[in-house]
Amino acid sequence: MPAKSATAMAPTPALVTGESSTKQKSKAANMTSKNTGLVFNCYSLKRRMKAARVGRFIRPSSVVYMGAVLEYLLAEVLELAGNCARDNKRKIIKPRHVMMAVEMDDELKPLFSDVIMPGSGVVPGVHTCLMGKRDQDTFR
């Protein structure tokens, strides 16, 4: 077996100086809509979570998870509001339709219990305690 020459063992100058033709891959999380599959912008959601002081460090996976939950809730509310607008023979969803959709849904009602929606009005109906006693002379 022949001995290896000294020229074959010498490192190339590009590797010694640290300049290589390929860039080093970034270790930052890629939260683009292409990678997450969400419509919501995860970067702005992370910025809002930092502003709300959710925690000292916010993991990218928690931002994506929260974005997915918010997107699901938004799709659910908009679907119900669209159905309510269609029932009222309207083509545009207004705050009234959103409020009516939330109030009629048993799962969304507790979620929006403390929410005041401007421009939505009140739920139609008369409370039972406001109804007077009915007797024979009531409707004469």
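Above this text you will find the structure in question.
In this text, all values refer to a predicted model and were calculated from it rather than measured experimentally. Counting from 1, residues in each chain are numbered in the order their sequence is written. The model is predicted, so local features are restricted to residues of pLDDT at least 70 and side-chain atom pairs to those at 80 or more, both for listing and for counting; the totals for chains, interfaces and linings are taken over all residues. Side-chain descriptors were evaluated using all non-hydrogen atoms of the structure, hydrogens and water having been removed beforehand.

## Things to note about the overall build of the protein
The condition is simple: Strands here mean DSSP runs of E at least two residues long; helices mean DSSP runs of H or I at least four residues long; both are numbered from the N terminus. Contacts are assigned to residue pairs with any non-hydrogen atoms lying within 4.5 Å of each other. Working definition of accessibility: Shrake-Rupley area with a 1.4 Å probe, residue cover restricted to the visible protein chains.
A count of helices and strands for the protein gives six helices and zero strands. Overall, the protein shows an N-to-C arrangement of helices and strands of α-α-α-α-α-α. Intrachain contacts of the protein at a sequence separation of at least 6 include 41% that bridge at least 24 residues. Total accessible area on the protein is roughly 12500 Å²; 58% of this is exposed by carbon and sulfur atoms.

## Concerning the environment of Val102
Summarising the element assignment, Val102 is placed in helix α6 (residues 95-104). Between the C-alpha atoms of Val102 and Leu78, which are 24 residues apart in sequence, the distance is 9.8 Å. If sequence neighbours within four positions are ignored, Val102 has contacts with Val77, Leu108, Lys109, Phe112 and Met117.

## Looking at helix α4 (residues 42-51)
The condition is simple: A 1.4 Å probe rolled over the protein chains alone gives each residue an accessible area, and that area as a share of the maximum for its type sets the label: buried under 20%, exposed over 50%, partly exposed in between. Note: the arc covers the axis-to-C-beta directions of the helix. For the purposes of these results, a polar contact is taken to be a pair of N or O atoms within 3.5 Å, where, inside protein, one atom must be able to donate a hydrogen and its partner to accept one; residues adjacent in sequence count only when each atom of the pair is a side-chain atom.
Of all the residues in α4, the buried ones are Cys42, Ser44, Leu45 and Met49. The buried residues of α4 all sit within an arc of 160° when viewed along its axis, so they share a single face. Away from the buried face of α4 by more than 90 degrees, exposed residues Arg47, Lys50 and Ala51 are located. Tucked inside the fold, the buried residues of α4 contact α3 (33-36) and α5 (60-87). Looking at where α4 begins, the residue whose side-chain oxygen comes 3.2 Å from the main-chain nitrogen of Tyr43 is Asn41. Backbone geometry just after α4 places Arg53 at a positive phi near 55°.

## Section: the packing of α5 against α6
What counts here: Between the N-to-C directions of two axes lies an angle of 0 to 180 degrees, each axis being a line fitted to C-alpha atoms and, for a helix, fitted only over the stretch in contact. If an angle is under 35 degrees, it is roughly parallel; if it is over 145, roughly antiparallel; if it lies from 65 to 115, roughly perpendicular; otherwise it is oblique. Gly counts as polar in this scheme, as do all residues outside two lists: the nonpolar Ala, Val, Leu, Ile, Met, Phe, Trp, Tyr, Cys and Pro, and the charged Asp, Glu, Lys and Arg.
Between α5 and α6, the shortest axis-to-axis distance is 8 Å and the interhelical angle comes to 110°. In this view, α5 runs roughly perpendicular relative to α6, as classed from their interaxial angle. Counting all contacts with α5, which are made through Val77, Leu80, Ala81, Cys84 and Ala85, the residues of α6 involved are His97, Val98, Met100, Ala101 and Val102. In terms of residue class, the contact of α5 with α6 is built from nine nonpolar, one polar and no charged.

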